[in-house]
Protein chains: 2
Amino acid sequence: MLRFFITMIILLSITEAREYLVSWNSSKSKSNIVEFVTKTTDAKGSYFIPKADRVVVFDNDGTLWSEKPMYFQLYFILDRVKKLANNHPEWKSKEPFKSVLDGNMTKVLSFGEKGLIELSSATQSGMSVPEYQEIVRKWIKEAKHPRFNRPYSELIYQPMMELITYLEANDFKVYIVSGGGIDFMRAFIPALYDIPTEQIIGSSGVIKYVDGKIIKEPKINFIDDKDTKPVAINYHIGKRPVASFGNSDGDLAMMKYSEAGRGERLQLYVHHTDKKREWSYDRDSHVGKLDKGLDYAKDKGWTIVDMQKDWRVVYPFELDKNR
Amino acid sequence: MLRFFITMIILLSITEAREYLVSWNSSKSKSNIVEFVTKTTDAKGSYFIPKADRVVVFDNDGTLWSEKPMYFQLYFILDRVKKLANNHPEWKSKEPFKSVLDGNMTKVLSFGEKGLIELSSATQSGMSVPEYQEIVRKWIKEAKHPRFNRPYSELIYQPMMELITYLEANDFKVYIVSGGGIDFMRAFIPALYDIPTEQIIGSSGVIKYVDGKIIKEPKINFIDDKDTKPVAINYHIGKRPVASFGNSDGDLAMMKYSEAGRGERLQLYVHHTDKKREWSYDRDSHVGKLDKGLDYAKDKGWTIVDMQKDWRVVYPFELDKNR
């Protein structure tokens, strides 16, 4: 009789998960997710996590939407350089702006992080945060990805959106902890993923309060990557996450931080293995490099999503075709 | 007929508010609060604020609990100096530690903010955040306020606790935005006020991620006061508050920031006018100075709580006596 009830409960929970995770093929990845949620929300089990502690963190670029051939925010920054060039005649002869205007991306990237920060600061400052976010929202509506010729907002991962819905339905509080700009992401992610601004954490510029407004200054405040992801989590949330989702070595510290807590944990890497529908890359990629993290994850038995095998669709627009 | 319904609705809402704000005497302060909540939660009225935007911010010291004769966290820091003195023989001859050990508070304070930061950093670092918070929780249980001979946690304002409950019952999301230490407050405020760590914002030290742990470094990261309160609100929340509650000039920028938004707003100052039950101070006080803010609030018609007249009780323990 006990076995009957246990079977029924497992069946019920699997059925429920299926309703959410419709774009996931049956796989170890999917069953690991369902097992984690089922175990930690069972108030009578020994793995139960109270609602207040159900904090989960997701990287964004490469984990919730694509990041190839380069971070989408970088496209925004490059478009801004071109748009603002008329007001900055000096950019024609000043690097890295010159190379952006010449369309020489190889040279732009040769200036490294310093060059990117310079571009980022110059194009995303001198206005209030709401003014900046209006510009971002206009861009995300109009700009198109070079490979797919679709708005960047359509290149989000359908299975991961379902995962977020599934977790929220089970009272997990979902945070984004990304290297992307905090004001940039907050401009459109609330409407796109249905996650409120206060649950979106990212890199930030210096901001200043002036006469009732928050003004963006051309200076970096915080880079949210690697070892600073757990730091940002402590400042913003003040709790250790019980599950973490990433796709690169930049997420490893955050994932180790969630792993190091007591009790049941889930660490999941999205492994980009799908050249046809998305991209295939890991150890040698300049964007979203997954090397040490892959070894560590394999060693520790973390969940590694094989995008090609585990996902029935990658992007939401594929759902229309599949019908 | 319409008038009848309107009267009924107002009566109903007042009755409901009475249930929450039981320690508030009938006053302009109380009716301002009730009017704000009633107007902004009426989905059919023109002042309606959607739930996602119902963000409200409270200062802590002097707004939700007492701050006299000095900030309670400073008592904690002084107790820590005495406790750690054995491991630091050099403190016997090194200021400002020497004066703390000599019990010469006038001299301690003469070293100004720099001295306080030195004491603060030296006594609240070198351990993980959870380890630090265990120490804080132990202290808050054992230490007693010099005037009242009661734990500091008993010196919270009963009417303000009711106000928080009333706002939360109306789907406002309550944040604390305080000059107090973020890790310090998060150690006990969740249990004391029933506000989760992620809604507690404050000053912070530098923290570092090391091997699965967040370690507190002896260095200041962010002081959450005056013009940096709106800055912290943008980083942590990313929305402009619709109501703000403070008691000093240090809260003025935050309150102006909420005032500057469109739509119905509430800015409320707690004015310390009650020498007998609490303290009476404003323009000349070193702690919680309220000078420019008082003029501005009067000029703009903000709500100014007269603690002596508007509050039936100040502290929860008075409720027992009043029965």
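See the structure above.
Residues numbered from 1 in each chain as written. Chains lettered and ligands numbered in written order. Predicted model: local features only at pLDDT ≥ 70, side-chain atom pairs only at ≥ 80, totals over all residues. Heavy atoms only, no water.

A. Quick look at the overall build of chain A. Check the secondary structure of chain A and you find 14 helices and eight strands. A compact globule built from 323 residues should have a C-alpha radius of gyration of about 20 Å, and chain A, at 21 Å, falls within 12% of that. Projected onto the principal axes, the alpha-carbon positions of chain A cover approximately 80 × 45 × 35 Å. Evaluated residue by residue, chain A yields a buried proportion of 54% over its 323 residues. The long-range share in chain A, meaning contacts at least 24 apart out of those at least 6 apart in sequence, stands at 65%. For chain A, the accessible surface area stands at approximately 15,000 Å², while carbon and sulfur atoms represent 53% of it. Across chain A, the centroid of the 48 positively charged side chains sits 1 Å from that of the 44 negatively charged ones. (Helix = DSSP H or I, 4+ residues; strand = E, 2+ residues; numbered from the N terminus. Rg over C-alpha atoms; globule rule 2.2 N^0.38 Å. Buried < 20%, exposed > 50% of the residue type's maximum accessible area, 1.4 Å probe, protein only. Contact = heavy atoms within 4.5 Å. Areas by Shrake-Rupley, 256 points an atom, 1.4 Å probe, with all protein chains shown as cover. Lys, Arg positive; Asp, Glu negative; His and termini not counted. Charge placed at Lys NZ, Arg CZ, Asp CG, Glu CD.)

B. Highlighting the side chain of His-272 of chain A. All names here are of chain A. Position of His-272 relative to the elements: it lies in strand 6 (residues 266–273). Side chain to side chain, His-272 and Asn-247 meet in a polar contact 3.4 Å long. Excluding residues within four positions of it along the chain, His-272 makes contact with Gly-62, Glu-67, Tyr-157, Asn-247, Glu-278, Trp-279, Ser-280, Tyr-281 and Met-307. (Polar contact = N/O pair within 3.5 Å; in protein donor to acceptor, adjacent residues only side chain to side chain.)

C. Main features of the relation of the copies chain B and chain A. The two copies are related by a screw motion: chain B maps onto chain A through a turn of 180° and a shift of 0.0 Å along the axis, at an RMSD of 0.0 Å. These values place the two chain copies in the arrangement generated by a two-fold rotation axis. If distances are taken from each C-alpha of chain B to the rotation axis, the shortest is found for His-236 of chain B, at 3.0 Å. Interface residue correspondence from chain B to chain A reaches 100%, placing this contact among same-surface, isologous pairings. (Least-squares fit on C-alpha atoms with pLDDT ≥ 70 in both.)

D. Structural view of the environment of Asn-32 of chain A. Residues and elements named next belong to chain A. Position of Asn-32 relative to the elements: it lies in helix 2 (residues 28–40). Note on Asn-32: relative accessible area 16%, which makes it buried. Once the C-alpha coordinates of Asn-32 and Arg-137 are considered, the two residues, 105 residues apart in sequence, prove to be 36 Å apart.

E. Structural view of unusual backbone geometry. A cis amide bond links Glu-95 of chain A with the next residue in sequence, Pro-96 of chain A, at an omega value of 0°. Following the sequence through the fold, Pro-96 of chain A ends up in the loop between helix 3 (72–84) and helix 4 (97–102). The residue after Lys-68 of chain B, namely Pro-69 of chain B, is reached through a cis peptide bond having omega -5°. Within the element layout of this structure, Pro-69 of chain B appears in the loop between strand 1 (55–58) and helix 3 (72–84). Residues other than glycine seldom take positive phi values, yet Asp-194 of chain B does so here, at roughly 60°. Relative to the elements of secondary structure, Asp-194 of chain B occurs in the loop between helix 9 (182–193) and strand 3 (200–210). Positive phi, close to 50°, is recorded for Lys-226 of chain B, a residue that is not glycine. Mapped onto the elements of the fold, Lys-226 of chain B is located in the loop between strand 4 (213–222) and helix 10 (228–236).

These figures come from the coordinates and say nothing about function on their own.
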